[in-house]
Amino acid sequence: YLGKIQSYESAPKIFKIFSEKEIKMIIDLYYILPERVFNKKQNIKKKVWIQNYNKELDELYYNKLKEVLGDFKMDTLGSKKDGDFYGIFHESFSPLKLHVDSGFVEKDIIYKQVVTPLSEGETVIFKNKWYGRSTNFTIDQNELKLKSEPGKNDKSCDHLGDEKFDQDIYNKYLSHEKIDNLKGLKVDMIYKWKVGETLIMDRSHIHCSSSNIKEKKLGLTTFTKK
């Protein structure tokens with residue numbers, strides 16, 4: 001399915017999809033949803049967008065994405081009771097490290113990842129792509145030995161290349177990573193979050209948070225497939 005996936009790929013782009021009122025509705029939804037995960041290791045709180053808390057917003061969100069993405073399916077898990085989850089809210093107190101959100105089902109035609117900032121923040125997107133399962137990239141041998149749990153990211157160092165990573169970019173944006181874990185990577189975009197904008201990128205892009213977080217950052221991510 002690699003050819004099909006690549007046929008849908010494009011450069012990361014910034015869109016103005018939602019109005020100020022609609023962004024406020026999304027933020028209000030975040031605060032009434034039940035907390036799903038507080039990952040103390042990553043220092044991040046997560047909530048999933050469960051349908052029917054605000055049916056008007058459910059419909060509005062899906063239709064606005066469809067205007068930009070065309071036909072797509074949600075790929076953010078779900079439940080028999082609540083149907084597809086429309087996204088994951090992530091409230092981060094520390095920067096997320098190098099990873100890819102390429103999914104867990106080999107036969108899926110992964111499509112776009114939609115990130116809607118609800119506060120200030122930064123995302124570093126690399127030109128390098130990954131077409132295996134969702135993966136955290138590390139050179140820590142102890143982490144690489146750990147077997148991934150079902151539904152959890154794999155661990156790998158197969159992203160590495162030979163060329164040293166740019167020291168200036170590292171110092172400015174990526175000091176929370178080990179610089180040797182970035183060997184061979186080339187930056188495609190450093191997106192400085194702006195409330196009211198939406199970042200859309202291929203799910204095969206390797207990416208991470210920047211090291212610059214002012215107390216915390218809040219965003220909504222939706223994963224799609226064909």
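Going by the structure above, here's the rest.
This write-up is about the structure you can find in this document. Fair warning: this is a prediction, and the values are worked out from it, not measured in the lab.

## Thoughts on helix H3 (residues 55–69)
Along an α-helix, residues three or four apart share an orientation, since each turn contains 3.6 residues.
Here is step 1 of the chain: For H3, which comprises 15 residues, the first-to-last C-alpha distance of 21 Å matches the rise-based estimate of 21 Å (1.5 Å per residue) to within 8%.
Here is step 2 of the chain: Of the residues making up H3, those classed as buried are Leu57, Asp58, Leu60, Tyr61, Leu65 and Leu69.
Here is step 3 of the chain: Where H3 is buried, its residues contact helix H2 (20–32), strand S9 (110–117), strand S14 (198–202) and strand S16 (217–225).
Here is step 4 of the chain: Just downstream of H3 lies Gly70, where phi reads positive at about 75 degrees.

## A short note on the packing of H2 against H3
Geometrically, a packed helix pair is captured by the angle between its two axes and the distance between the axes.
Here is step 1 of the chain: Packing of H2 against H3 leaves a shortest axis separation of 11 Å and a crossing angle of 125 degrees. With respect to H3, the axis of H2 lies oblique. The two elements H2 and H3 meet at a crossing, and its hand is left-handed. Facing Glu22, Met25, Ile26 and Leu29 of H2, the residues of H3 in contact are Glu56, Leu57, Leu60, Tyr61 and Lys64.
Here is step 2 of the chain: Grouping the constituent residues of the contact of H2 with H3 by class yields 6 nonpolar, no polar and 3 charged.

## Overview of the nonpolar core
Here is step 1 of the chain: Counting 27 residues, the largest nonpolar core has Phe18, Ile26, Trp49, Tyr61, Leu65 and Phe89 as its most contacted members.
Here is step 2 of the chain: Contributions of two or more residues to this core are made by H2, H3, S9 and S16.
Here is step 3 of the chain: Ignoring sequence-local partners within four residues, the contact set of Trp49 consists of Ile26, Leu29, Leu33, Leu57, Asp58, Tyr61, Asp84, Phe85, Tyr86, Gly87, Phe89 and Leu220.
Here is step 4 of the chain: One finds Val124, Trp130, Phe165 and Tyr173 within the second-largest nonpolar core, a separate group that totals 14 residues.

Quick notes on the rules
- Residues numbered from 1 in each chain as written.
- Predicted model: local features only at pLDDT ≥ 70, side-chain atom pairs only at ≥ 80, totals over all residues.
- Heavy atoms only, no water.
- Helix = DSSP H or I, 4+ residues; strand = E, 2+ residues; numbered from the N terminus.
- Expected span 1.5 Å × (residues − 1).
- Buried < 20%, exposed > 50% of the residue type's maximum accessible area, 1.4 Å probe, protein only.
- Contact = heavy atoms within 4.5 Å.
- Axes fitted to C-alpha atoms, helices over the stretch in contact; angles between N-to-C directions.
- Parallel < 35°, antiparallel > 145°, perpendicular 65-115°, else oblique.
- Left-handed = near helix turned anticlockwise from the far one by under 90°.
- Nonpolar A, V, L, I, M, F, W, Y, C, P; charged D, E, K, R; others polar.
- Core = buried A, V, L, I, M, F, W, Y, C linked by side-chain atoms within 4.5 Å.

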